[in-house]
Amino acid sequence: MPSTRRKVSLIYFVIATLLLVGLVPLVLTGWFLSDRSGKELRAAENRYQIQLVQEKAKQIEMFGRKYESIVTGIASAIELSHNAGIVSAPSTEARLGQMLKENPELVALYIKPATGDALSVFRSEVVSRETVEVIAADITRTDPRSRILVGSPRKLPVSNQPVISFAADAVLNGTAAARVVAISSLQSVSQSVVGVNPTKEEDLWRSGLPIVFAVDQNGEAVFHPDPAFSGTQHPMADLKIVQEWLQGGAQVQSALVPFSASFNGIDHQMIGAYSTAHVADGYSLGVITMQDESRALASVGEMRSQAWMISMLFAALALIVGFVSSRFMTAPLLSLVNVANRLGAGDLSTRVKTNSRTEIGTLGETFNGMADQIQEQIAGLAKAAEENRELFVGTVKALAAAIDGKDKYTRGHSERVSRISVAIGRRMGLPADELETLRISALLHDVGKIAVDDAILKKPAALTDEEFEIMKTHPQRGYKIMSQIPAMKEFLPGMYMHHEMVNGMGYPQGLTGDQIPLQAKIVSVADTFDAMTIDRPYQKGMELPAALERLRSFVGTRYQSDVVEALIDACKAGEVGQGIIRQLAEKRAAEMEIDAMLDRLVA
């Protein structure tokens, strides 16, 4: 009969505790707000970096479009004139000179007709004619679909100024009649991307400010705040963010990448972003920004430190005052937790002692009632699961026996193959659940023979080639039957692939080596071993040593070495030789004698 003692409400203890530590929620609120502010600051920093690289990429693209239009415009003018000789006209040189004056960043214009002399106009104080010709000659076509060709950025030998070249072919009657080359300075676009004031790499890392630079499709620096990097083909691909752009830059317009970087032997956690600047068809630059995460989010750390200090002060007060008042409440709760842990560990007999007069006592009584019901339910489920398992295994055995029973010489074959397979799997160290799966798979390995004509199955002589081809279809037929049952999925490999060979000469798929699941490799060896040691009308079963030696001769062609060696070990240990071959041989002899007697009675 339940106790009728008056219960003391837990609310009184809760109210007393809240009165003493009522300021703690305020502290927690402050902490959560600072954390939220930190997340917002991180998100804002991320948005800023994405926006920054996108804007820089657009500036580079505008630069590329400008000089793309210059070379294509000149090439189109030659095409419209239908005369490549217009290149040598004085008016052409004058017009090119005017274009040079109108575009301060333009270093040189160079037109090389297919026949005749080249025409070039250039800023002599910046570049020489020979350098212009060398740069023009270095431009090669890498993408036949693109009209615009872009040369690699380089520094001029005279002025040490970084330049890049653009080229386009003028085509007359389907043939390139002339090539137009524009050489442009990268000075202004570099300053707009990485800044006006050059800064050494060491100073950039020390300041903690964002480092903005651009790399080409080889991961080499094109623009960089440090002049020692820019235009010198300095490799930057060792940075994780550069690797990310090289791998996906052509497909990804922009992305945010957290990564680690090392400088002067010190590792830094970085945040960064990259964006792709399509300078011309087939030529892109990666605009990249990165910053030390601790510097970028320094204010977040300060906010959290302040929140921690306040929280620690109020936590100390709460611990001192709350410890005494909560001790009475926590004792029964700890007892309840201990019992719950024991229940979770599988000790369903443990129960809570319900001596408390508070709601915790009522909770303990309810908990005990729940534990009783759980214990009953688990016992029922365990029993049902065992019954289902026995029913399933029994059904599988019955099905295998029915298939084997179609031929008196193969009776018990599937059961023997199953036992041999499990012995092999145990020797190979397979866990219990995989051994059980292997056992069922081996029992069902010949289920497809249910669809093979009895005249072939029971034939007392060797099969013809045509009959053997029909017999070889039993793995597919078994797979087709069992694959319709979702619960059979894990048993299909041994059933479907137990006639595959490691050299690829097996069937039905001709798989090789590691393409064949271990389950199928084991069933294959067990199946062959049983077939070799059983008596047939046209063949007497082999003795154990001869059968094992025969199996070992097939290692590397039909079977995997460790599987065969596991069978041999099982035979040496008596797990197969004594338990399967000899005992089942006697059983086969007895069955054959009974069959012979029945045949004589019928006759």
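Structure shown above.
Below you will find a few notes about this structure. (Residues numbered from 1 in each chain as written. Predicted model: local features only at pLDDT ≥ 70, side-chain atom pairs only at ≥ 80, totals over all residues. Heavy atoms only, no water.)

### Brief notes about the packing of aromatic side chains
(1) Moving on: One pass over the full model with this rule turns up 7 aromatic pairs.
(2) Moving on: A centroid spacing of 5.0 Å and a plane angle of 55° characterise the contact between F63 and Y67, whose relative ring orientation is tilted. Here F63 pairs with Y67, and both are found in helix α2 (residues 24–81), just 4 residues apart, close to one helical turn. Here F63 matches Y67 in class, with each residue buried.
(3) Moving on: Among the aromatic residues, those joined into a ring-pair cluster are F63, Y67 and F166.
(4) Moving on: The ring of F554 is capped by R558, whose NZ or CZ atom sits 4.3 Å from the centre of that ring. (Phe/Tyr/Trp six-rings, centres within 6.5 Å; stacked < 30°, edge-to-face > 60°. Helix = DSSP H or I, 4+ residues; strand = E, 2+ residues; numbered from the N terminus. Buried < 20%, exposed > 50% of the residue type's maximum accessible area, 1.4 Å probe, protein only. Lys NZ or Arg CZ within 6 Å of the ring centre and 35° of its normal.)

### So, the pairing of strand β11 (residues 283–292)
Two faces, one strand: in a regular strand the side chains alternate between the faces of the sheet.
(1) Moving on: Here β11 lies mainly inside the structure; 10 of its 10 residues are buried.
(2) Moving on: Note that strand β7 (residues 211–215) and β11 share 5 bridges and pair antiparallel. Its bridge partner lying in β11, A214 is registered against V287.
(3) Moving on: Taken together, the 10 bridges between strand β10 (residues 266–280) and β11 define a ladder with antiparallel strand orientation. If you follow Y274 over to β11, its bridge partner there is I288.
(4) Moving on: The antiparallel hairpin formed by β10 and β11 contains 2 residues in its connecting segment, where G282 sits at a positive phi of about 85°. (Pairing = 2+ DSSP bridges.)

### Concerning the environment of A136
(1) Moving on: Inspection of the secondary structure puts A136 in helix α4 (residues 129–138).
(2) Moving on: The exposure class of A136 is buried, given its relative accessible area of 8%.
(3) Moving on: Separated by 15 residues in the primary sequence, A136 and G151 have C-alpha atoms spaced 8.4 Å apart.
(4) Moving on: Beyond its immediate sequence surroundings of up to four residues, A136 is in contact with Y110 and V181. (Contact = heavy atoms within 4.5 Å.)

### Remarks on the packing of helix α11 (residues 413–427) against helix α19 (residues 561–572)
(1) Moving on: At a minimum axis separation of 8 Å, α11 and α19 run at an interaxial angle of 105°. The angle between α11 and α19 places the two elements in the roughly perpendicular class. The segment α11 lies against α19, with I420, A423, I424 and R427 engaging V563, A566, L567, D569 and A570.
(2) Moving on: Across the contact of α11 with α19, the residue classes tally to 7 nonpolar, no polar and 2 charged. (Axes fitted to C-alpha atoms, helices over the stretch in contact; angles between N-to-C directions. Parallel < 35°, antiparallel > 145°, perpendicular 65-115°, else oblique. Nonpolar A, V, L, I, M, F, W, Y, C, P; charged D, E, K, R; others polar.)

### Observations concerning the packing of helix α17 (residues 518–533) against α19
(1) Moving on: Running from amino to carboxyl end, α17 crosses α19 at an angle of 50°, the nearest separation of the two axes being 10 Å. Here α17 is positioned oblique relative to α19, judged by the angle of their axes. Every pair of crossing elements has a handedness; the one defined by α17 and α19 is right-handed. Within the contact between the two elements, α17 uses L518, K521, I522, V525 and F529 and α19 uses V563, V564, L567 and C571.
(2) Moving on: Classifying every residue of the contact of α17 with α19 by side-chain character gives 8 nonpolar, no polar and 1 charged. (Left-handed = near helix turned anticlockwise from the far one by under 90°.)

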